Amino acid sequence: MSTAERVHYKPEAAQTTEGALLISISTARNSEDIRCKCICPPYREFPGQIYKQNVSLKDCNCLHVVEPMPVEGKDVEAYCLRCECKYEERSSGTIKVTIIMYLSILGLLLLYMVYLTLLEPILKRRLFGHSQLIQNDDDVGDQQPFANAHNVLSRSHSRPNMLNKVEHAQQRWRRQVQEQRKSVFDRHVVLS
Amino acid sequence: FHVYQTEADCGRLLPSQSLLVLNSLPVCSPLPGVSSATPTEEMNGAGNLMDFLDEPFPDVGTYEDFHTIDWLREKSRDTDRHRKITSKSKESFWELIKSLLDAWSGWVVMLLIGLLSGTLAGVIDLAVDWMTDLKEGVCLSAFWYSHEQCCWTSNETTFDDRDKCPQWQKWAELMTGHAEGAGAYVLNYFLYVLWALLFSFLAVSLVRVFAPYACGSGIPEIKTILSGFIIRGYLGKWTLLIKTVTLVLAVSSGLSLGKEGPLVHVACCCGNLFCSLFSKYSKNEGKRREVLSAAAAAGVSVAFGAPIGGVLFSLEEVSYYFPLKTLWRSFFAALVAAFTLRSINPFGNSRLVLFYVEYHTPWYMAELVPFILLGVFGGLWGTLFIRANIAWCRRRKTTQLGKYPVLEVIAVTGITAVLAFPNPYTRRSTSELISELFNDCGALESSQLCDYINNPNMSRPVDDIPDRPAGPGVYNALWQLALALVFKIVITIFTFGMKIPSGLFIPSMAVGAIAGRIVGIAVEQMAYHHHDWIIFKNWCRPGADCVTPGLYAMVGAAACLGGVTRMTVSLVVIMFELTGGLEYIVPLMAAAVTSKWVADAFGKEGIYESHIQLNGYPYLDVRDEFTHRTLATDVMRPRRNDPPLAVLTQDTTTVEDVEALIKDTDYNGFPVVVSRESERLIGFVQRRDLTLAIKTARQKQDGVVSSSVVYFTEDAPQLPASNPQPLKLRRILNLSPFTVTDHTPMETVVDIFRKLGLRQCLVTRSGRLLGIITKKDVLRHMAQMMNQDPESIMFN
């Protein structure tokens, strides 16, 4: 949808100054992104018609946009009185960037989800016993809330590098999500 | 294990009558063997970038998950911090700058929240617009355009078919080449259902795998969090990301849900995210909740394009404590968010919401009768919805239905899509439906609702719409609208509360708008055909402007929304900000007031309070009035048959006894008395602090063994030299716990809990400790007094 300011002028001074500010701040606009749309209903024997032109706000009225004018002479005024002209504006660049960005984020999330649910268990089974930390993942209990933290800390101090930190952070995150999943989906404690 | 350190605090005495002592006396010497990098650096604002990957160590003074915070302690900590900064600011110029930065940090956070919320709302709006249209067809010239955007520049639109253009094709036309016919219709139908199922399946899978807290509306949980409850991860980064992404999917799938409630959750997540930038907010749970209140206002502001309504919504519905400072900051955040959204311009008209209306036709006094009737309808529908939805959610919670969330979402989406496609009013998105119902018919409208019989010889200008008889298109539309009404009423009951982000503002407004428009058209036709009746004679002249059905739709929407959520002022302000004029305040208020009265006659709670009750959150509502004549003795524990109160003595308990006490019981705290004989109260100590302190002492201090005596006095007790070294725990003792006498009326006790945000209160008689009242006991007592199930309160 696009900016619609009726040519039947309603006093909205604040909005037009703000609009002017936005126009002055923004960069060169695609000429296709502005238009004036005039809708003329059926008049006498002439059918209804829609006229569109890429003109600016000051030229957005019946006389400039309706071409070719179907009526002659003094009927022009009566015809134009029934037409309704709207000035509309949009930003096609914003729409394109937003949709493509959204789709890429969604795609990445879906790929990660497929990896977590399908690929990682298969990989883990192949590398069974490589790291004890993965086994620790399953026996986190509520009885020793700080003991496990201590274990994690002591292990990480032995190999302090970036990859390990990422792995530990990921393990911690997965544990949290598992806890959340238990509360929400299994025990129905929160967010029922 | 690491204790929060502030070098500047070492050796400083705090006044003993300060309300809380916990965590204000830090350990002065750094504990050996533990890296002390993270918390001190965080406090100074710097910090290793990779520190967020390290596991955060629990401190004395933080809270456990699913527990209530101590408001008084947080307030006192903030006052201490502020006093320290003010006193240091006189020392040097740099300290003065730091104090100014600290004062301005609140405004910076508000600005950032407004910017991010506005941006996310813009992204959500644009993506929903596109994906909703994706179910029906695709734009061939540029796939990222929705239907309207695709046909924007086309010259091939005609007056009758002003929505069609060759660049945008429906799926049937794209795949088979036929645009009309039964085969094309079936293929379109099939693909519509398929897309809807795909979107909702993706949404529920993402929620399940990445962020289970992202489901639901979010407003009941945010209300509880703002009242002092802790739900770790509820406002986290992954929840923010997943909620934004899956909200678009859920709304686009055609389900009967809205995005306003989830937008509040998204805005609060943004608030939480920016709080972690400043230690003023990240370390203090009370200050953080001030920021979250303002963030909630920004969320509603971008959802409705109503900044003032957003602030009032936050004040009335979401927040618990709302100091005046928060009012001004919320307004700022809401304005920044609204301005950011307007710059992104998702709907292309510099309006912030899809259904902004602009007409200013007057209304007449006699129309108050149908408006009040719409209010009654709204109240009745609200009651019906709340009862049905809570019953269904309870069933989901307790029976087998709850074990198949993914299947449930898919099933409901399938049913919705299959039933929604045939009716053109339910096939399109609910926001577009509301927009069409709100808008009045000009002479150029081509929708079925505006198919009035025109006199083509009229020469009136466009704006002056005289009364006209309804054409066949209008009657057709009325039938379809009635069916849509029934459909929406039924399906929303099953949709709200599923395991995907779902709001209910838009579906309620849709129900009300449909009902309102039907009533409006009925009144309009009655006025046209019977303009010689007494009521219409003075007000409706033939050929003159009389009834505006669009206004009835707005009033209906306000009535239904008020009936479900029981909002009062904020509802009226949101609605009049949506309509842009003050002319319609009286009808809106009449409908809102009527619907609230009717709905309150059946049950006092709105939908959010009912969900809070269903989940058993410890939410002490400020609106509930406690008028019973019970006393503190009736509620306190231990009761007559219970084991005696678990206490610690001031200098005779050993470490072993304390550990046994902690292991055997699950109380959150223990009172400390002088001795078991005299039972005079010294203070109160929290379970978590006891656990941490004893653990530290065993590891770090020499000579502390199981038989060491624990003492809470200033000086060590006189013990023979052969005894092991005693352990001083005075610094974790709260020396000023709240006490009431046993004859205090419960009315006062409830008031104290509410106003001060207490978690527990001790009961004494003649100075001797009798028992304890916790927040859970108060909530259970209130539930019992209202004949509800007291066992449903689950948390403390």
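Please read all numbers here as calculations on a predicted model, not as lab measurements.

About the criteria used
Residues numbered from 1 in each chain as written. Chains lettered and ligands numbered in written order. Predicted model: local features only at pLDDT ≥ 70, side-chain atom pairs only at ≥ 80, totals over all residues. Heavy atoms only, no water. Helix = DSSP H or I, 4+ residues; strand = E, 2+ residues; numbered from the N terminus. Buried < 20%, exposed > 50% of the residue type's maximum accessible area, 1.4 Å probe, protein only. Contact = heavy atoms within 4.5 Å. Areas by Shrake-Rupley, 256 points an atom, 1.4 Å probe, with all protein chains shown as cover. Lys, Arg positive; Asp, Glu negative; His and termini not counted. Salt bridge = Lys/Arg side-chain N within 4 Å of Asp/Glu carboxyl O. UniProt positions renumbered as here; feature names shortened; annotations may be inferred. Phe/Tyr/Trp six-rings, centres within 6.5 Å; stacked < 30°, edge-to-face > 60°. Pairing = 2+ DSSP bridges. Axes fitted to C-alpha atoms, helices over the stretch in contact; angles between N-to-C directions. Disulfide = S-S within 2.5 Å. Core = buried A, V, L, I, M, F, W, Y, C linked by side-chain atoms within 4.5 Å. pLDDT = per-residue confidence, 0-100. Parallel < 35°, antiparallel > 145°, perpendicular 65-115°, else oblique. Left-handed = near helix turned anticlockwise from the far one by under 90°. Nonpolar A, V, L, I, M, F, W, Y, C, P; charged D, E, K, R; others polar.

Colleague: How would you summarise the overall build of chain B if you had to cite specific residues and measurements?
Modeller: Within chain B, the regular secondary structure consists of 29 helices and eleven strands. Burial statistics for chain B: of 796 residues in total, 58% are counted as buried. Partitioning the intrachain contacts of chain B with sequence separation of at least 6 by distance along the chain shows that 74% fall at a separation of at least 24.

Colleague: So what about the overall build of chain A? Which residues, and what values?
Modeller: Along its length, chain A carries seven helices and four strands. Element order for chain A, N to C, with α for helix and β for strand: β-α-β-β-α-α-β-α-α-α-α. Out of the 192 residues belonging to chain A, those deemed buried represent 35%. A total accessible area of about 11800 Å² is found for chain A, and carbon and sulfur atoms account for 58% of it.

Colleague: Run through the side chain of B:Glu95, naming residues and quoting values.
Modeller: Structurally, B:Glu95 is set in helix H3 (residues 93-134). Salt bridges are absent for the buried B:Glu95, whose nearest opposite-charge side chain, B:Lys98, sits at 4.1 Å.

Colleague: How would you sum up the pattern of salt bridges? Please name residues and give values.
Modeller: Residue and element names in this part refer to chain B. Summed over all chains, the structure comprises 32 salt bridges over all chains. The partner of arginine 768 in a salt bridge is glutamate 679, and the shortest N-O contact between them spans 2.9 Å. You can see arginine 768 sitting in strand S11 (residues 768-774) and its partner glutamate 679 sitting in the loop between strand S5 (669-673) and strand S6 (681-686), a full 89 residues away along the chain. The class for glutamate 679 is partly exposed, based on a relative accessible area of 28%. The salt bridge involving glutamate 714 is made with arginine 730; its shortest N-O contact spans 3.0 Å. Note that glutamate 714 is positioned in the loop between strand S7 (709-711) and strand S8 (727-728) and arginine 730 in the loop between S8 and strand S9 (739-741), a separation of 16 residues in sequence.

Colleague: I'd like to hear about the UniProt feature "domain: CBS" (unreviewed entry) in chain B, residue by residue, with values.
Modeller: Feature annotation in UniProt places "domain: CBS" (unreviewed entry) on residues 636-700 and 733-791 of chain B, given in this structure's numbering. Between the C-alpha atoms that bound residues 636-700 of chain B the distance is 39 Å, and the span itself is 37% helix and 23% strand.

Colleague: Tell me about the packing of aromatic side chains, and name the residues and values.
Modeller: A full pass over the atoms with the stated rule returns 31 aromatic pairs over all chains. A centroid spacing of 6.3 Å and a plane angle of 10° characterise the contact between A:Tyr112 and A:Trp173, whose relative ring orientation is stacked. With A:Tyr112 in helix H4 (residues 92-126) and A:Trp173 in helix H7 (residues 162-186), this pair connects stretches of sequence that are 61 residues apart. Taking 5.6 Å as the distance between ring centres and 25° as the angle between the ring planes, the aromatic pair formed by A:Tyr112 and B:Phe210 counts as stacked. Here A:Tyr112 is found in helix H4, whereas its partner B:Phe210 is found in helix H6 (residues 182-210) on a different chain. By relative accessible area, A:Tyr112 is classed as partly exposed at 23%. What makes B:Phe210 buried here is its relative accessible area of 1%. Each member of the aromatic cluster is reached from another via a ring pair, and the members are A:Tyr112, A:Tyr115, A:Trp173, B:Phe210 and B:Trp238.

Colleague: Lay out the UniProt feature "transmembrane region" (unreviewed entry) in chain A in plain terms, naming residues and giving numbers.
Modeller: In the numbering adopted here, UniProt assigns the feature "transmembrane region" (unreviewed entry) to residues 99-118 of chain A. Helix makes up 100% of residues 99-118 of chain A and strand makes up 0%, while its end C-alpha atoms are separated by 28 Å.

Colleague: Any details on the pairing of strand S4 (residues 84-89) of chain A? Residues and values, ideally.
Modeller: All names here are of chain A. Across the six residues that make up S4, a large majority, five, are buried. Summarising the sheet, strand S2 (residues 34-40) and S4 pair through six bridges and their orientation is antiparallel. By the bridge assignment for S4, lysine 37 is matched with lysine 86.

Colleague: How would you explain the sheet that holds S11(B) if you had to name every residue and give the values?
Modeller: Residues and elements named next belong to chain B. Pairing is mixed across the open sheet formed by three strands, whose spatial order is S9-S10-S11. The outermost strands of the open sheet, each flanked by one partner alone, are S9 and S11. The sheet shows a mean angle of 35° between the axes of neighbouring strands, taken without regard to direction. As defined by bridge partners, strand S10 (residues 760-765) adjoins S11 across six bridges and the pair is classed as antiparallel. If you follow leucine 762 over to S11, its bridge partner there is isoleucine 772. Docked against the sheet, helix H28 (residues 746-756) engages S9, S10 and S11, running at close to 60° with respect to S11.

Colleague: A description of the environment of B:Phe487 should follow, citing residues and the corresponding values.
Modeller: Residues and elements named next belong to chain B. Relative to the helices and strands, phenylalanine 487 is located in helix H18 (residues 472-495). Each C-alpha atom, one on phenylalanine 487 and one on tryptophan 363, is 31 Å from the other, the two residues being 124 residues apart in sequence. Every residue in contact with phenylalanine 487, bar those within four places of it in the chain, is listed here: Thr416, Leu419, Ala420 and Thr426.

Colleague: Quick one: what's the story with the side chain of B:Glu317, residue by residue and with numbers?
Modeller: One can find B:Glu317 in helix H12 (residues 307-318). Filtering out sequence-adjacent residues up to four positions away, B:Glu317 remains in contact with B:Lys223, B:Thr565, B:Arg566, B:Met567, B:Tyr608, B:Glu609 and B:Arg623.

Colleague: Requested: an account of the state of the cysteines, with residues and values cited.
Modeller: All names here are of chain A. Summed over the entire model, instances satisfying the criterion amount to six disulfides over all chains. What pairs with cysteine 36 in a disulfide is cysteine 60, and their sulfur atoms sit 1.9 Å apart. On the sign convention where negative is left-handed, the bridge of cysteine 36 and cysteine 60, at about 75° about the S-S bond, is right-handed. Note that cysteine 36 is positioned in strand S2 and cysteine 60 in the loop between strand S3 (49-53) and helix H2 (62-65), a separation of 24 residues in sequence.

Colleague: Outline the environment of B:Thr326, supporting the account with residue identities and numerical values.
Modeller: Assignment of secondary structure puts B:Thr326 in helix H13 (residues 324-344). Considering only alpha carbons, one finds B:Thr326 and B:Ile308, 18 residues apart in sequence, at a separation of 14 Å.

Colleague: Describe the nonpolar core, and please don't skip the residues or the numbers.
Modeller: All names here are of chain B. Within the largest apolar cluster, 193 residues are counted, with the highest numbers of intra-cluster contacts made by Phe438, Met509 and Ile773. Tallying contributions element by element places H3 first for this core, with twelve residues. Apart from the residues lying within four places of it in its own chain, the contact partners of methionine 509 are Phe304, Phe355, Ile434, Phe438, Ala557, Leu561, Met575 and Leu578. Counting 20 residues, the second largest nonpolar core, distinct from the first, contains Leu648, Phe670, Val685 and Val704.

Colleague: Before we move on, could you go through the pairing of S2(A) and cite the residues and values that matter?
Modeller: Residue and element names in this part refer to chain A. Counting buried residues in S2 gives seven out of seven residues, a clear majority hidden from the surface. The side-chain alternation of S2 yields two buried faces, one formed by Ile34, Cys36, Cys38 and Cys40 and the other by Arg35, Lys37 and Ile39. Note that S2 and S3 share five bridges and pair antiparallel. Its bridge partner lying in S3, cysteine 40 is registered against glutamine 49.

Colleague: Which residues make up the sheet that holds S5(B), and what values go with them?
Modeller: Residue and element names in this part refer to chain B. If you trace the three strands from one edge of the open sheet to the other, you get S3-S5-S6, paired in mixed fashion. Unpaired on one side and paired on the other, strand S3 (648-649) and S6 mark the two borders of the sheet. Where S3 lies against S5, two bridges are found, and the strand directions are parallel. For leucine 648, the partnering residue across the bridge sits in S5 and is valine 672. Running at roughly 75° to S6, helix H27 (residues 687-700) makes contact with S3, S5 and S6 of the sheet.

Colleague: Lay out the confidence of the model for chain B in plain terms, naming residues and giving numbers.
Modeller: Considering every residue of chain B, the mean pLDDT works out to 84; 87% of them sit at 70 or more. Listed scores for the predicted complex are pTM 0.85 and ipTM 0.85.

Colleague: Before we move on, can you summarise the environment of B:His529 with the specific residues and values?
Modeller: All names here are of chain B. Tracing the backbone through its elements, the reader meets histidine 529 in helix H19 (residues 505-529). For histidine 529, a relative accessible area of 47% translates into the label partly exposed. Put simply, histidine 529 and proline 469 are 60 residues apart on the chain and 7.8 Å apart in space, counted from C-alpha to C-alpha.

Colleague: Any details on helix H24 (residues 607-615) of chain B? Residues and values, ideally.
Modeller: All names here are of chain B. Among the nine residues in H24, eight count as buried, and that is most of the element. Residues of H24 that are buried: Ile607, Tyr608, Glu609, Ser610, His611, Ile612, Leu614 and Asn615. For H24, the elements touching its buried residues are helix H7 (219-226), H12, helix H14 (368-398), H19 and helix H21 (549-565). Backbone geometry just after H24 places glycine 616 at a positive phi near 75°.

Colleague: Explain the packing of helix H9 (residues 260-275) of chain B against helix H11 (residues 285-304) of chain B residue by residue, including any values.
Modeller: Packed helix pairs are specified by the crossing angle of their axes together with the interaxial distance, meaning the distance between the axes. Residue and element names in this part refer to chain B. Two elements in contact, H9 and H11, have axes whose closest approach is 7 Å; the angle formed by their N-to-C orientations is 140°. In terms of orientation, H9 and H11 fall into the oblique class. Viewed along their axes, H9 and H11 form a crossing whose handedness is right-handed. Every residue of H11 that contacts H9 at Glu260, Leu263, Val264, Ala267, Cys268, Gly271, Asn272 and Cys275 is listed here: Arg288, Val291, Leu292, Ala295, Ala296, Gly299, Val300, Val302, Ala303 and Phe304. When its residues are assigned to classes, the contact of H9 with H11 shows 13 nonpolar, three polar and two charged.

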